[in-house]
Amino acid sequence: MVWSPQLGRTECLGGRVEYRLGHELVDDFLEFASGRARPNTVRAYAHDLKTFFAVVSKDPVEVTPADVMTFVAAQQAPRPGAENVVRFPDAGSGLSPATVMRRLAAVSAFYGYLLARADTAVTANPVPRGLPTRRSRRELRGAPLVRGVRRLPRILDPQEAAALLGVLRTRRDRAIVEAMLLGGLRRNEALGLRLEDLRLGECRVFIADGKGGHQRLVPMSPTFFTTAAAYLECERPIDASTDQLFVVLKGPRRGMPLTSEGLNQIMASARERAGLTHGTCHELRHTCLTRLREAGMSLEGLQAQAGHRSIASTQVYLHLGADWLAAEYRAAADAVEAELVREAIR
């Protein structure tokens, strides 16, 4: 049976967004996921599953591992015009490995859901766990279907950060940017701040709904609190219908929570006015965490500030900041050389 997915989006009460693709099993999965996963994750599931089933052109219960391999090959195939795009030396002309792996993860999650239901014709997950290797008999996984490339996050230098801050038009926008640039908050964490989450006396903010639903209390620069106080006093509508800290300032949605799409527009306009080619919300967060590490903050402290579940996620900041790394190396190398000289003199 050939099924052509059509993505539908419906806003429900309470601000929840419901996604549908026009197939009972897929729609049931998206509804199930919406109760367990973050809204951005559910949205990504919907788009990635639409892409997958549009390529394989099969009913979900008829998909085989061969179809998945065909999908991977199609995603990695060169795109028209890709020859005019500047790419990393290890990158192909198709989609990035991270994008392909994310789409495979969505497909695997969907079939994991069907297997857990145990009421369909699906008896196995068609997404292979890996390609066979010589060591695969002793391991649970073989080689990954797609080779991922882990790149260092891009950051802003002090001049770029100052230029971005200098073109922001409202105290609200400046407070949001400072939350990410000075506190290392994720975009959704900054947008999710409530009035009650500001701990002015402690110079801390409470993250009620961090990544994965985890909560944390993190220190924040007094500069952020000064800007936030000015925004609350002069800009935030007194009749706002929400306890969210950051709201829309004008237009038909005045007083309603600022959305991710709205923040994206604010950042894009600010980058254009500042003459910057980069400076996303995530790059602001990376910039903060990099500077904190360069200033001597321990990895454990950085992990708590960033809200990383694993220290491995924090260790990427060991590789950022050439000056800090060079200084650390010189100090260690000088000690090693001094020891060698003492041994040679004996």
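Residues numbered from 1 in each chain as written. Predicted model: local features only at pLDDT ≥ 70, side-chain atom pairs only at ≥ 80, totals over all residues. Heavy atoms only, no water.

Engineer: Outline the environment of F206, listing residues and values.
Structural biologist: As for its placement among the helices and strands, F206 is situated in strand 4 (residues 204-207). For the pair F206 and V218, spaced 12 residues apart in the sequence, the C-alpha separation amounts to 6.6 Å. Look past the residues within four positions of F206 in its chain and what remains in contact with it is L193, R194, D197, R199, Q215, R216 and L217. (Helix = DSSP H or I, 4+ residues; strand = E, 2+ residues; numbered from the N terminus. Contact = heavy atoms within 4.5 Å.)

Engineer: Just give me the short version of the packing of aromatic side chains, but keep the residues and values in it.
Structural biologist: Using the criterion set out here, one finds 10 aromatic pairs in the structure. Seen in terms of ring centroids, F53 and F110 are 5.9 Å apart; in terms of plane orientation they differ by 90°. Their pairing is edge-to-face. Of this pair, F53 sits in helix 2 (residues 39-56) while F110 sits in helix 4 (residues 97-117); the two residues are 57 residues apart in sequence, bridging distant segments of the chain. Put simply, the rings of F29, F32, Y45, F52, F53, F71, F110, Y111 and Y113 pair up and form one aromatic cluster. (Phe/Tyr/Trp six-rings, centres within 6.5 Å; stacked < 30°, edge-to-face > 60°.)

Engineer: Tell me about the nonpolar core, residues and numbers included.
Structural biologist: In this structure, L185, L193, V205, F224, F246 and L284 are the most contacted members of the largest nonpolar core, which totals 36 residues. Secondary-structure elements contributing two or more residues to this core are helix 5 (158-166), helix 6 (171-181), helix 7 (187-191), strand 4, helix 8 (222-234), helix 9 (260-274) and helix 10 (281-294). Among the elements that line this core, the one with the most residues is helix 6, at 6 residues. Among residues more than four places away in sequence, those in contact with V205 are L193, D197, L198, R216, L217, V218, M220, F224 and F225. (Core = buried A, V, L, I, M, F, W, Y, C linked by side-chain atoms within 4.5 Å. Buried < 20%, exposed > 50% of the residue type's maximum accessible area, 1.4 Å probe, protein only.)

Engineer: Got a sec to walk through the sheet that holds strand 5 (residues 216-219)? Specific residues and values, please.
Structural biologist: Whether parallel or antiparallel, the strands of a sheet pair through hydrogen bonds between backbone atoms. Read from one edge of the open sheet, 3 strands run 3-4-5, paired in antiparallel fashion. In this open sheet, the two strands that pair with only one neighbour each are strand 3 (198-199) and strand 5. (Pairing = 2+ DSSP bridges.)

Engineer: A description of the confidence of the model for the protein chain should follow, citing residues and the corresponding values.
Structural biologist: Reading fine detail from the predicted coordinates is not recommended where pLDDT is low. Of the residues in the protein chain, 84% reach a pLDDT of 70 or more, and the chain-wide mean stands at 85. Taken element by element, the protein chain is modelled with least confidence in helix 13 (residues 322-345), mean pLDDT 73, and with most confidence in helix 6, mean pLDDT 97. Scored below 50 in pLDDT, residues 82-91 makes 10 contacts in the model with residues more than four places away or belonging to other chains. (pLDDT = per-residue confidence, 0-100.)

Engineer: Let's hear about the pattern of salt bridges: which residues, and what values?
Structural biologist: Tallied over the full model, the rule gives 18 salt bridges. The partner of D28 in a salt bridge is R117, and the shortest N-O contact between them spans 3.2 Å. Here D28 is found in helix 1 (residues 24-34), whereas its partner R117 is found in helix 4, with 89 residues between them in sequence. On the accessibility criterion, D28 (23% relative accessible area) is partly exposed. Among the residues examined, R117 registers a relative accessible area of 27% and is labelled partly exposed. In this structure, D173 and R172 form a salt bridge, with 2.9 Å as the shortest nitrogen-oxygen distance. (Salt bridge = Lys/Arg side-chain N within 4 Å of Asp/Glu carboxyl O.)

Engineer: Residue-level account of unusual backbone geometry, with values.
Structural biologist: One non-glycine residue with positive phi stands out, namely S57, at about 55°. Note on placement: S57 falls in the loop between helix 2 and helix 3 (65-76). Take S57: its relative accessible area is 34%, and that puts it in the partly exposed class. Although it is not a glycine, C203 adopts a positive phi angle of roughly 55°.

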